[in-house]
Amino acid sequence: MKKILSILLLAAAAIPLYAYVNDALSFAHEAALPFVKEGFSVREDAWGGDLGVKDQQAVSSQLFKGNDYVFCLGTDIAKAVLTVHLYDASGKLAESKSWRNGRFAFARISPAKTGTYYAIVSVEKSPVERSGWALVYAYK
Amino acid sequence: MTKNISLILALLCLATSASAQPIPDSIDLSKFPAQAVDDVVVPVPSEIFAVLDKLGSPNWRGELRGSLGKNTGNRAQVALLLGTVIAEGFIAVEAEDAGRVQEIGREVLVLAEAINVRKAVIKRSKSITEKADAKEWKSVRSEFDGALQDVRGAMRELGDDELAQLVSIGGWLRGTEVLTSIVSKHYSPDGAELLFQPHLLDYFMGKLDGLKNTRLGKDDLVVKTRKTIAAIRPLIGRDDGTKISADAVQRINKMTAETVAAIASKEP
């Protein structure tokens, strides 16, 4: 009985987490939509999870000189403030522009060199302990 | 009253801007906790092809292979082959060859079935055929991108994460073969710079070195693939800014072409 209860509790814990990341993912894709009209192709992959306030996560990507990229971040927490910034492999800020709009955050880059770049996702403030986030990127 | 509201609004604006953190000009990546750095994101072939298009007008049709390869039933071979076939799909899209795209869409389905992930790509395969027929090339490219994700996702769900990595590596090998073929024909340092992918190769090496499935790790094709990537690594990973030479591009082309041919025919 105890075992069944534990399984049920685990299952119950897993469901909201699934919904949580999926919601953030929907917002990330929504954030990327306007760029399709600008000729960008949105990658089908996405990266995400949840972070506490002041926590950071790095997503490393191989980017190519000659392409333009825009990284689009979404969160499922309406009043959370999340940011995304792009750094090159030496740790220097490499984005041409970054901005926020409600639950979306963006960073744009035309890489000066082909190589590895790091998208740093941060939670600046949030009304909840952990905020779900998802990141997609588009290129042209 | 209006004055008070203005004051409150001004204070609110001040609070909002004050809460925005300044963006650091540089960060120390080595101090980032290892668990906070995700694996390297593997680029899709069309990200590279998009740059090649800007550098000139490659003869994409001339880059298409005559045969897509033989499915031997060996799971490692099928996974690697599936990666090369999906990469071929991106090339066929660049070549705007609807017939070839549709053939590749069907082959993706056949190979996916061989590794039990057919269900994940049925819709994609149908969509590839329809959109190629309508010559909606951008949408077809997106469907191939999606097919790659769906196949890898389905493999992970089946607990075949290691096999999913082989799909990515197969795609990278075929994409790199074509990239080096095109760059070799009209060599330029800018074109060759597209090969500067040291972290991505380290990531692939790490995945191949860390295969938990010993049978997979000892597979002839996996061993050959690992050797190829290890041989390519010093040719493209120079952090000192040295240009990748025309000779290096040709050598990489030869190595990747041989490995892709071995995958297609299962003759390591």
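Predicted model only: the values in this text are computed from it and were never measured.

For the rest of this paragraph, the subject is the overall build of chain B. On a plain count of helices and strands, chain B comes out with 13 helices and zero strands. Shown N-terminal to C-terminal, the secondary structure of chain B runs as helices and strands in the order α-α-α-α-α-α-α-α-α-α-α-α-α. A burial count over chain B gives 42% of its 268 residues as buried.

Tallying the contact residues gives 31 residues for chain A and 34 residues for chain B. Looking at the side of chain A that touches chain B, the elements that each hand over two or more residues are strand S3 (56-63), strand S5 (81-88) and strand S8 (115-125) of chain A. Per element, the largest residue contribution to the side of chain A that touches chain B is seven residues, and it comes from S3 of chain A. Residues that form the side of chain A that touches chain B fall into these classes: nine nonpolar, 14 polar and eight charged.

Time to look at helix H4 (residues 75-94) of chain B. Two residues of an α-helix separated by three or four positions point the same way, owing to the 3.6 residues in each turn. Residue and element names in this part refer to chain B. Between the first and last C-alpha of H4 there are 29 Å, a value that for 20 residues agrees with the 28 Å anticipated at 1.5 Å per step. With respect to burial, H4 is a largely interior element, 19 of its 20 residues being buried. Phi turns positive, to about 55°, at Glu96, one or two residues after H4.

Let's shift gears to the sheet that holds S3 of chain A. Residue and element names in this part refer to chain A. Read from one edge of the open sheet, three strands run S3-S8-S5, paired in antiparallel fashion. Because the sheet does not close on itself, it has two edges, and the strands there are S3 and S5. Pairs of neighbouring strands in the sheet enclose a mean axial angle of 25°, with direction left out of account. The pairing of S3 with S8 spans eight bridges and is antiparallel. Bridging from a neighbouring strand, Gln56 pairs with Ser122 of S8.

What follows concerns the confidence of the model for chain B. When pLDDT is averaged across chain B, the result is 86; 88% of the residues are at 70 or more. Across chain B, the element-wise mean pLDDT spans from 44 in helix H1 (residues 2-19) of chain B up to 96 in helix H13 (residues 246-265) of chain B.

Reading the values: the criteria
- Residues numbered from 1 in each chain as written.
- Chains lettered and ligands numbered in written order.
- Predicted model: local features only at pLDDT ≥ 70, side-chain atom pairs only at ≥ 80, totals over all residues.
- Helix = DSSP H or I, 4+ residues; strand = E, 2+ residues; numbered from the N terminus.
- Buried ≥ 20, exposed ≤ 12 C-beta atoms within 10 Å, placed from the backbone.
- Contact = placed C-beta atoms within 7 Å.
- Nonpolar A, V, L, I, M, F, W, Y, C, P; charged D, E, K, R; others polar.
- Expected span 1.5 Å × (residues − 1).
- Pairing = 2+ DSSP bridges.
- Axes fitted to C-alpha atoms, helices over the stretch in contact; angles between N-to-C directions.
- pLDDT = per-residue confidence, 0-100.

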